[in-house]
Amino acid sequence: QVYLQQSGPIVVRPSQSLSLTCNISGDSVSSYDAVWTWVRQSPSRGLEWLGRTYYRSRWHSDSALSLKSRPTVDPDTSKNQFRLQLKSVSPEDTAVYYCVKAWGSHGLDVWGQGTMVTVSA
Amino acid sequence: DIVLTQSPLSLPVTPGEPASISCRASQSLLYSNGEEHLDWYVQKPGQSPQLLIYLGSYRASGVPDRFSGSGSGTDFTLKISRVEAEDVGVYYCMQALQAPFTFGPGTKVDIK
């Protein structure tokens, strides 16, 4: 059974950077069929896919570069985690952030419990 | 980015009756290998979203067989053959053909 563990709620000041980590148990971040993904949800913007990382002979990552906060997703193999970074956040980045595991193209099938991120001065 | 629209946005249902949700994409979700890259999720009150259907028509593990997905190209449908009280929640479609993956606005299903 795969579990994804996220941190508790956090508050970030506008223009600061944001870093979230997702702890993986029951699987490896280097697993060949897994795709490690971040999704966020807010009342105003709904569900938004932010980015993903996965290992297929080498590491691959892509993200929603159209977002102002330019998300990046990368793995930490030493801690069996993956991370989301947002640059220069604004109040519109206030949302619940989910880390999620996909198995190849078979959907986002394991979700973390979510972290509430509030961007406020 | 691929845009997804859903209809209806609100769906009051009677337990035991069927229900259907439509999802339309701004471009075809057909991949070169013949797979349709459209997934369905449900978010029950107070919970994280959970996967129902992947690749258009394949039920995820543990999903009851009263849920079915169909469609191709740009038009997809999620059907519940007989709604149960536990099916209340918000249903989302998501395209997984090209990054950035995108979600529909959601359809809220509740009991009449």
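Residues numbered from 1 in each chain as written. Chains lettered and ligands numbered in written order. Predicted model: local features only at pLDDT ≥ 70, side-chain atom pairs only at ≥ 80, totals over all residues. Heavy atoms only, no water.

Draft legend 1. Quick peek at the sheet that holds strand β1 (residues 3–5) of chain A. All names here are of chain A. The strand order β1-β3-β8-β7 describes an open sheet built from 4 strands, whose pairing is antiparallel. For this open sheet the edge positions go to β1 and β7 (72–76), each flanked by a neighbour on one side alone. Taking the axes of each pair of neighbouring strands and ignoring which way they run, one obtains an average angle of 25° across the sheet. One ladder, built from 5 bridges, connects β7 with strand β8 (residues 81–86); its direction is antiparallel. Bridged to Asp74 within β8 is Arg83. (Pairing = 2+ DSSP bridges. Helix = DSSP H or I, 4+ residues; strand = E, 2+ residues; numbered from the N terminus. Axes fitted to C-alpha atoms, helices over the stretch in contact; angles between N-to-C directions.)

Draft legend 2. Geometry of the side chain of Thr37 of chain A. Within the secondary structure, Thr37 of chain A sits in strand β4 (residues 34–42). Residue contacts for Thr37 of chain A: discarding those within four places in its chain leaves Trp49, Gly51, Arg52, Phe82, Tyr98, Cys99, Val100 and Leu108 of chain A. (Contact = heavy atoms within 4.5 Å.)

Draft legend 3. View of the packing of aromatic side chains. Here the structure, examined in full by the defined rule, presents 10 aromatic pairs over all chains. Here the aromatic cluster, defined as three or more aromatic residues joined through ring pairs, consists of Tyr98 and Trp111 of chain A together with Tyr41 and Phe103 of chain B. Lying over the aromatic face of Tyr32 of chain A, Arg56 of chain A brings its terminal NZ or CZ to 5.8 Å of the ring centre. (Phe/Tyr/Trp six-rings, centres within 6.5 Å; stacked < 30°, edge-to-face > 60°. Lys NZ or Arg CZ within 6 Å of the ring centre and 35° of its normal.)

Draft legend 4. How the structure looks around the state of the cysteines. Residue and element names in this part refer to chain A. Inspection of the entire model under this criterion finds 2 disulfides over all chains. Residue pairing for Cys22: its cysteine sulfur links by disulfide to Cys99, the two sulfurs lying 2.1 Å apart. On the sign convention where negative means left-handed, the S-S torsion of about 55° between Cys22 and Cys99 marks this disulfide as right-handed. You can see Cys22 sitting in strand β3 (residues 18–25) and its partner Cys99 sitting in strand β9 (residues 95–103), a full 77 residues away along the chain. For Cys22, a relative accessible area of 0% corresponds to the buried category. (Disulfide = S-S within 2.5 Å. Buried < 20%, exposed > 50% of the residue type's maximum accessible area, 1.4 Å probe, protein only.)

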